[in-house]
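Next come the chains, spelled out residue by residue.
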There are 2 protein chains.
Amino acid sequence: MSQFEGTKVRTTVQPDHSGHSDQGGHRVSVQDEFWGRYIRLVQETVIPYQYEALHDRVAGAEPSHAIANFEIAAGRRQGKFGGMVFQDSDVAKWLEATGYSLSIRRDPELERQADEVIDLVGEAQQADGYLNTYFTVKEPGKRWTNLQDCHELYCAGHFIEAAVAYYEATGKDKLLSIMRRMADHIDSVFGPEEGKLKGYDGHQEIELALVKLYRLTGEEKYLKLSLFFIDQRGQEPNFLRQEWESRGRVTHWGGQTDHIDMAYNQSHIPVREQTVAVGHSVRAVYMYTAMADLARLTGDEALREACLRLWSNMTERQMYITGGIGSTHHGEAFTFDYDLPNDTVYAETCASIGLIFFARRMLELTPNAHYADVMERALYNNVLGSMAQDGKHYFYVNPLEVWPQACTCNPGKQHVKAQRQGWFGCACCPPNVARLLSSLNQYIYTEHSDTLYTNLYIGSELRTTLGGKEVKVTQSSKLPWEGIVTLKVDPAEAGVFGIALRIPSWSGKVRISVNGELLPALDALEQGYAVIRREWQPGDIVELMLPMEAHRVYAHPELRANAGKTAIQYGPLVYCLESADNREPLSSVSLSKEGTFTEFYDEDLLGGAVVIRAAGCRVKEQSWSGGLYSTTRAVVQPVEVTAIPYYLWGNRGSGEMKVWIPE
Amino acid sequence: MSQFEGTKVRTTVQPDHSGHSDQGGHRVSVQDEFWGRYIRLVQETVIPYQYEALHDRVAGAEPSHAIANFEIAAGRRQGKFGGMVFQDSDVAKWLEATGYSLSIRRDPELERQADEVIDLVGEAQQADGYLNTYFTVKEPGKRWTNLQDCHELYCAGHFIEAAVAYYEATGKDKLLSIMRRMADHIDSVFGPEEGKLKGYDGHQEIELALVKLYRLTGEEKYLKLSLFFIDQRGQEPNFLRQEWESRGRVTHWGGQTDHIDMAYNQSHIPVREQTVAVGHSVRAVYMYTAMADLARLTGDEALREACLRLWSNMTERQMYITGGIGSTHHGEAFTFDYDLPNDTVYAETCASIGLIFFARRMLELTPNAHYADVMERALYNNVLGSMAQDGKHYFYVNPLEVWPQACTCNPGKQHVKAQRQGWFGCACCPPNVARLLSSLNQYIYTEHSDTLYTNLYIGSELRTTLGGKEVKVTQSSKLPWEGIVTLKVDPAEAGVFGIALRIPSWSGKVRISVNGELLPALDALEQGYAVIRREWQPGDIVELMLPMEAHRVYAHPELRANAGKTAIQYGPLVYCLESADNREPLSSVSLSKEGTFTEFYDEDLLGGAVVIRAAGCRVKEQSWSGGLYSTTRAVVQPVEVTAIPYYLWGNRGSGEMKVWIPE
């Protein structure tokens, strides 16, 4: 019995280039007022801007070198390799985002640009299929000698993701062919067979990419190779440690080290034995994503259990309320349970994006609204907040509390920026945001048996097959400002299937109606979903009314940083105080314990947003009569506190910001 | 007119080896129940233990190499230099502490040990007077080529301090002669004259030491040399920067650097222009100490004003309530105004000791009780708390909030230890504690004109001359547990002079009586002192009653880390909560705003201490029904909160601790 028995696989490539992305057998296109704006921003600003940046044509910016490296590797020009060892991945991420963008809207000029880049990538590929400009240009002969640091498989993984996305959007298979050759080459180098390397990459990514390649092509060897990398990680003797020893304990980044932390890239113990999220958070969630994919596709119970444990530890012990993960900038890493400092935080944008990847795979594995809750939390807060309203400035670190002067004058906080930075240097986060937002259609629905699970309430059109019938579902949503969602269910003809509506954790008493008729009280949710199983008729209308009152959120008593504090949430949005609305120091402000909130939509606030006003108190600074310390308390007076959505912070100049407010 | 006119200087060496330390023309010996215990601990445990450590005879400890280095430099044995470039200073600090100890109580065996070490030091001195084992043994020919990093003048400064202390205690001038030869050698190398180096040390210390040497010997050249170092620092072109450039931007610690931060050792601008405490905090306060000395001895008004500005910035903007300074471990440095994080703190023990040095010099410059308040705060809290009750374990970092797991699992807090460490590695703090505690007699009184200023309430006997009469003042004190202080004033015959009693900032309404007769209300304090000017008769008794109620202290509203929190103080002692008395997590505990405190003396607590009980609340952790976040607040219930003196924390196993408590 093959270990892959029981999985459903498309064995021939049947591309869908209808302009819609393909996901799990259904196609979705986004038509949403709120998200549409950001998707257009990605299409109209981010992707073109990144294209210029990759070509070193952004005035005043550090050159990327990324395209230049390919030109040198392709023999089109002379020169030296420039940028980071993983610079290639920026080109890959741009191609991937471009693929998604073209699946939303064909754009001949953009497609021409992408085709040219793909031609260049093809020319840079070596005769044996190998593709990596760093080792082609700078260190020929050193391939696969430093997997710990050099990101060869990581870059390959990003190009595979790009190839899949571009093929699915355009039907053009040139990049796919290039990357299949590279994947085949990798398969000839790595594997359990005699003479092959038993290694794996220092930065996980190839694993999830190979699954995508397998899902598209049906080639089992890609799935097997992905599983090999996952199985091999953390086995003793430790490959990466041995490699480091044999290199003379030298790192790519220069200098000898006397210690190597295998937990940094989750290779400290075998993957199936891991119970706690540790190490570099992006590496972790990329790996978990592949693990969940493989658990589903292979039916591997031990992998599934590891996913459940790691998910639970990460989201129930080590996740910020904004969906950020990674509590320290040292190694951009997890620390330990309930250690979630607001001001020395890391919460890297890419890590939250990886968390969203993982959440979607968990939703594919098991329908459970908890996964979607986390996905939504990360999307509307940590990820969306990372991008400026101009699409050209980004946070890598997404703090929950900022004192700008500390970010410049206290070295322990210098990784935290009070304002979004330009898109330069190690530009991992901006292209990751671009590829996520332009593929948002992939995160709205999942299907299990004949039930359609609605995970995100985002206006969109779905086409799929349920209960043997072709079905179109048109979703319209007023989120995040109003909790009104409508699904128009259009089977080609009447058919029996389920529609499962996620009941968000932030929602009060939900009302659901079908064709205007209210459903009875929703006592029996199935894993957080209200599941409606019936014979659907063409034109049936499901309405979902989600109460959207601003409300307080409290943190677990073990989460010391938030003791005595509350956060404000409105729908999926976490709110924050900024000095633009509340005078500095913000530490003088507290919320009244029993005060109510008032909400209003301010159309002038950064494109329009619901603003929340709350009764609070603030220390009257002028009443302070002491020096640095005093036996006399300052006077406290009532004040109106103003909160705005977290994702909008830092768009009105530099100032203090905080999410958790003393009560 | 000489720039030194107006200063009083002893021009011949008139040692006092009566067994009492000499300070400012008076002699004081400590006889105090509270401090006597710690002074005995230094004498009976710390000094002998350090002697063994210097000789590499402590089982299980890293070798110090300090004595071995001298033996190699002296030609007594072969070998390689071991330890830090400033390892010599450990020998010097031991000799200095030994000197103070011998001034308290002669001890023939200890004196023999010290004389032997001094003989060894003498043998290690070079023919031209140069003394430094690193450059003698390891890098001969490289003297004075890396003042930025190599601590040559710093080590010399510590040996000068030792020489002065040892001479004053024993009358033996061998070490003094050695160090005068070294000082003369330094004077031949550094100075404004043609051909001399215009440099200064990367770690200030020589400046204050040369002042001590001048005060003992009356040799103006030592004062001039000290002033030269102070004047030269920060002048352009910057000596240390030029030196670094000409070294090829290489540091002693290995590797090239592309940046050198002159503010680290306060050489970024001339000393007289400095307004804000910056850089490495120990370097800063050692320098300020010398500046205050020089301002007084030379009457230099610009230096005095710089001292006032730096004192004010440091103590009114950048000082922890425990008297700790230095908000970051990056460079063990100050950060900026009101940035005093409790958990990522540095507050190095040595920095508080240096703050005490500076405070005493400021008291000598101008009588102002504020300096004494700060001195007392640092002494009873940050400094005393750094030492374990066994005298063998020390904190280098003195946090105000500790979560032990974070100290091991969050790299941003790994510099903070939840338990005191053994005395190894860079052992700067323990010998600094030893020399401070054994010279505590120098910090109790200052004199201005014919007034004796009482700065610390520590049982002691003073002999001095006031109003032309020889006077003995016997102080007895029940601090820190009871606020009852008695001064028996014994002039040889009746005489007119002032006794100025410091009214501590922590004290409520003070009562003072002379010979049982209560003085009228103390409306008119003079710079924080109650000054009694009268004709004193032999046997006059002054009694001071300082109300000692436990009370709350609040922090300035700009001090964000302490917003909404209170600290508890009882007399000079800052209190803290520990998990030994209050269940973890301590973040669940808050103090009732209006609750009263009860105090009782617990003789079983670590040698006896006043314990404070307060009404508070704590989150009932079992009532928490949510996951990591929840819309439902946990239930809060009344609880009795127990606080112990900060200086005793961490003596009952590893656990949480915090000074600032939400109210």
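Calculation rules
Residues numbered from 1 in each chain as written. Chains lettered and ligands numbered in written order. Predicted model: local features only at pLDDT ≥ 70, side-chain atom pairs only at ≥ 80, totals over all residues. Heavy atoms only, no water. Least-squares fit on C-alpha atoms with pLDDT ≥ 70 in both. Contact = heavy atoms within 4.5 Å. Pairing = 2+ DSSP bridges. Helix = DSSP H or I, 4+ residues; strand = E, 2+ residues; numbered from the N terminus. Axes fitted to C-alpha atoms, helices over the stretch in contact; angles between N-to-C directions. Buried < 20%, exposed > 50% of the residue type's maximum accessible area, 1.4 Å probe, protein only.

Going by an unreviewed UniProt entry, chain A carries the name Glycoside hydrolase family 127 protein and comes from Paenibacillus rhizoplanae.

Caption draft 1: Quick look at the relation of the copies chain A and chain B. By a simple turn and slide, chain A fits onto chain B: the slide is 0.0 Å along the axis, the RMSD is 0.0 Å, and the turn is 180 degrees. The two molecules are tied by a two-fold rotation axis, judged by turn and shift. Considering only C-alpha atoms, the residue of chain A closest to the rotation axis is A:Gly412, which sits at 3.5 Å. An overlap of 100% is found between the interface residues of chain A and their copies at the interface of chain B, pointing to a shared contact surface.

Caption draft 2: Representation of the sheet that holds strand β5 (residues 451–454) of chain A. Residue and element names in this part refer to chain A. Spatially, β4-β5-β9-β12 is the arrangement adopted by the four strands of the open sheet, whose pairing is mixed. Edge strands, defined here as strands with exactly one partner in the open sheet, are β4 (445–448) and β12 (529–536). The mean angle between the axes of side-by-side strands here comes to 25 degrees, regardless of whether they run parallel or antiparallel. Both strand β9 (residues 495–502) and β12 contribute to a ladder of eight bridges, which runs antiparallel. Opposite Val-496, over in β12, you have Glu-535 as the bridge partner. Packed on one face of the sheet, helix α14 (residues 349–365) meets β4 and β12 and runs near 25 degrees to β4. Where helix α15 (residues 369–385) meets the sheet, its contacts fall on β9 and β12, and the angle it forms with β9 comes to roughly 50 degrees.

Caption draft 3: The arrangement of unusual backbone geometry in detail. All names here are of chain A. Cis geometry marks the peptide bond from Glu-236 to Pro-237, where omega comes out at -5 degrees. Positionally, Pro-237 belongs in the loop between α10 (220–232) and α11 (239–246). A cis amide bond links Leu-479 with the next residue in sequence, Pro-480, at an omega value of 0 degrees. Despite not being glycine, Tyr-338 has its phi angle at roughly 65 degrees, a positive value. For Tyr-338, the location among the structural elements is in the loop between α13 (301–317) and α14. For Tyr-338, a relative accessible area of 11% corresponds to the buried category. Backbone geometry places Ala-347, a non-glycine residue, at a positive phi of 50 degrees.

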